[in-house]
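Observations on the model geometry
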Amino acid sequence: MKYLIETIGCQMNVCESDALSNMLSNYGMLQVHNIVDADVIILNTCSVRAQAEQKAFSYIGRVEELKKQKPNVKIIVIGCMAERLGIKIRKRFKSVDLVIGSKNINNFALKIVNLYNLAKIDDNILSKKSTEVGRCITIIRGCNNFCSYCVVPFVRGQEVSLDNKIIISECEEMVKSGAKEIMLLGQNVNSYKHGTVDFVSLVRDICKIDGLERLRFMTNHPKNLSDDLINLIATEKKVCHHVHLPMQSGSNKVLKEMNRNYTYEYYLALINKLRSKIADISITTDIIVGFPGETEKDFNNTLKALKDICFDGLYVFRYSSRPNTRASRMVDDVPLEEKKRRHSIILNESNKISSEIVLSMVGKTFEVLVENFKSNILEGRTGGGRKVFIKSTSKDYVGKVFNVHISESKINSLFGNIV
Ligand code: 5AD
Ligand code: SF4
């Protein structure tokens, strides 16, 4: 039985697709990457922006066409859009066999294998199949923040933290099967709390796992980035010096309308605190342009913030009105063309800053975890998350950490040699 998973959306969806894939392998199913080879086509969907939903609709449409030639193929739609628009998907696409929303994620593997009466062949939660160096685990689902533009609290529901004992044992399994780096995921990862165990103590416990080299986590809400957590990043050797800290806007008026619960001054003070305690910290962010009521002046505040802070990287999005959200009741008054213009200004500025940062890394030495080997090139990452390419003929370096001297930079990538 061969299956294909197509994933739209964020890192959490990518992670959940991986987890699903591991579960399906435990039932003897085989993953393929060419759609014509698949008996089961699974689409993992996203609802954060309207564009992501349109992309999913057109994918399902294409797969339906394929099913006309291969009627035995099963089509399964999972994830956020399946949660939000399950009924609409079933009505519009008659040949979709199964729709499983993100709230039912825990039993989706079971539902899929029930379609075929497959028997479990491996008892491990995580399959031994994956030997990837970097792995991820979702430790908290949902979100209680209700940022006014965001559909996540409606689709994924209230925050639910996974049992810390399960997280630790899954992480141990990952390390046993070759993982060197684990990324902890959650929409609001640092508000993790299970009983008396908070995020800081969970991270401390995971770092005790022998054989684990690195730990990352995302996404952080500025209001939950505590001093304890900053101290932990500064002192715990295994925690990577990288924080993804969505700013969304540099205008206090817009931040208030977004219900972000902080001002730009608070955000900037947090950045300064991080940088004063962890000199080599890499900070990345998310920005939304064209939020309802965002004036040229508001936008210029965001642009100025980018120039002042010099983020190591960022994602920029054009505001997209989402059903049920508070912002959907505001007037979406920034014209699309203007949103596009602001989007490209932010992108250009970010690329400029990023290439300056990359250039400043040339001639220096960084710790790099080698993750991959392809056509005589080792691919690795610095603790800050930058990709580094190293010429080599040996794949034995994969999974090890080396000091790498950076000899060259190109746009966003670095090239270097093992010291
Ligand atoms: N429109 C545009 N961008 C959005 N994001 C979330 N909701 C929306 C929306 N309605 C962005 C935010 C968030 C990232 C994951 O997606 O920047 O941090
Ligand atoms: Fe959405 Fe805000 Fe929650 Fe992030 S913190 S998932 S933007 S509501």
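Cut-off values and rules
Residues numbered from 1 in each chain as written. Chains lettered and ligands numbered in written order. Predicted model: local features only at pLDDT ≥ 70, side-chain atom pairs only at ≥ 80, totals over all residues. Heavy atoms only, no water. Helix = DSSP H or I, 4+ residues; strand = E, 2+ residues; numbered from the N terminus. Rg over C-alpha atoms; globule rule 2.2 N^0.38 Å. Buried < 20%, exposed > 50% of the residue type's maximum accessible area, 1.4 Å probe, protein only. Areas by Shrake-Rupley, 256 points an atom, 1.4 Å probe, with all protein chains shown as cover. Lys, Arg positive; Asp, Glu negative; His and termini not counted. Charge placed at Lys NZ, Arg CZ, Asp CG, Glu CD. Near = heavy atom within 4 Å. Polar contact = N/O pair within 3.5 Å; in protein donor to acceptor, adjacent residues only side chain to side chain. Nonpolar A, V, L, I, M, F, W, Y, C, P; charged D, E, K, R; others polar. Expected span 1.5 Å × (residues − 1). Contact = heavy atoms within 4.5 Å. Phe/Tyr/Trp six-rings, centres within 6.5 Å; stacked < 30°, edge-to-face > 60°. Lys NZ or Arg CZ within 6 Å of the ring centre and 35° of its normal. pLDDT = per-residue confidence, 0-100. Salt bridge = Lys/Arg side-chain N within 4 Å of Asp/Glu carboxyl O. Domains from an automatic or database assignment. Buried area = accessible area lost by both parts, 1.4 Å probe.

Each helix and strand in the protein chain was counted, giving 12 helices and 19 strands. Taking 22 Å as the expected radius of gyration for a compact globule of 419 residues, we find that the protein chain reaches 22 Å, a close match to that expectation. Across its three principal directions, the C-alpha atoms of the protein chain cover 55 × 55 × 45 Å. The 419 residues of the protein chain split such that 52% are buried. Of the roughly 19300 Å² of accessible surface on the protein chain, a fraction of 51% belongs to carbon and sulfur atoms. Both charge centroids of the protein chain, one from 60 positive and one from 46 negative side chains, sit 3 Å from each other.

Turning to the site of ligand 1, a few remarks are in order. Close contacts around ligand 1 come from Val48, Arg49, Tyr149, Gln248, Asp286, Ile288, Phe317, Arg318, Tyr319, Ser320 and Arg322, and that covers them all. Within the backbone of Tyr149, one N or O atom sits 3.0 Å away from a nitrogen atom of ligand 1. Asp286 is positioned with one of its side-chain polar atoms (N or O) 2.6 Å from an oxygen atom of ligand 1. Burial of ligand 1 by the protein amounts to 86% of the accessible area it has alone, namely 400 Å². At the level of elements, β13 (282–289) and β14 (313–318) are the ones that each hand at least two residues to the shell around ligand 1. For the shell around ligand 1, a count of residues per class yields 5 nonpolar, 2 polar and 4 charged.

Relative to the 28 Å expected for 20 residues at 1.5 Å per residue, helix α2 (residues 50–69) spans 30 Å between its end C-alpha atoms, a close match to the ideal helical length. Among the residues of α2, Ala52, Glu53, Ala56, Phe57, Tyr59, Ile60, Val63, Glu64, Leu66 and Lys67 are the ones counted as buried. Contacts from the buried residues of α2 go to β1 (2–7), β3 (40–45), β4 (74–79) and α3 (80–92).

Now for the packing of aromatic side chains. Under the criterion given, the structure shown has 10 aromatic pairs. Ring pairing ties together the aromatic residues Tyr149, Phe291 and Tyr319, which thus form one cluster. One Lys or Arg, Arg92, reaches over the ring of Phe57 and ends 4.4 Å from the middle of that ring. Sitting above the plane of the Phe415 ring, Lys410 keeps its charged end 5.2 Å from the centroid.

This part is about the confidence of the model for the protein chain. Low-pLDDT stretches of the model should not have their predicted coordinates read in fine detail. The pLDDT averaged across the protein chain works out to 92; a share of 96% of its residues lies at or above 70. For the stretch residues 123–129, pLDDT sits under 50, and the model shows 18 contacts to residues farther than four places along the chain or on other chains.

Bringing the pattern of salt bridges into the picture now. Applying the stated rule across the entire model yields 26 salt bridges. A salt bridge links Lys340 to Glu337; the nearest nitrogen and oxygen atoms lie 3.8 Å apart. Here Lys340 pairs with Glu337, and both are found in helix α12 (residues 336–361), just 3 residues apart, close to one helical turn. Looking at Lys340, the relative accessible area reads 35%, which means it is partly exposed. Of the charged contacts in the structure, one is a salt bridge between Lys387 and Glu379, with a shortest N-O distance of 3.4 Å. For Lys387, a relative accessible area of 31% translates into the label partly exposed. The structure contains a network of salt bridges with shared partners spanning Glu294, Glu296, Glu338, Arg341 and Arg342.

It is worth spelling out the domain arrangement of the protein chain at this point. Here the protein chain is partitioned into domain 1 (2–116), domain 2 (131–240), domain 3 (246–360) and domain 4 (362–418). One C-alpha centre belongs to domain 2, the other to domain 4; they are set 26 Å apart. With 7 residues of domain 2 at the interface, the matching set in domain 4 holds 13 residues. Between domain 2 and domain 4, the buried area comes to about 670 Å², and carbon and sulfur atoms account for 57% of it. Taken as a group, Val133, Arg214 and Arg216 account for 67% of the area that domain 2 buries against domain 4, more than any other trio of residues on that side. Counting across the domain 2 and domain 4 interface gives 4 residue pairs in polar contact (both at pLDDT 80 or more). Each residue belonging to the side of domain 2 that touches domain 4 can be placed in one class, and the counts come to 2 nonpolar, no polar and 5 charged.

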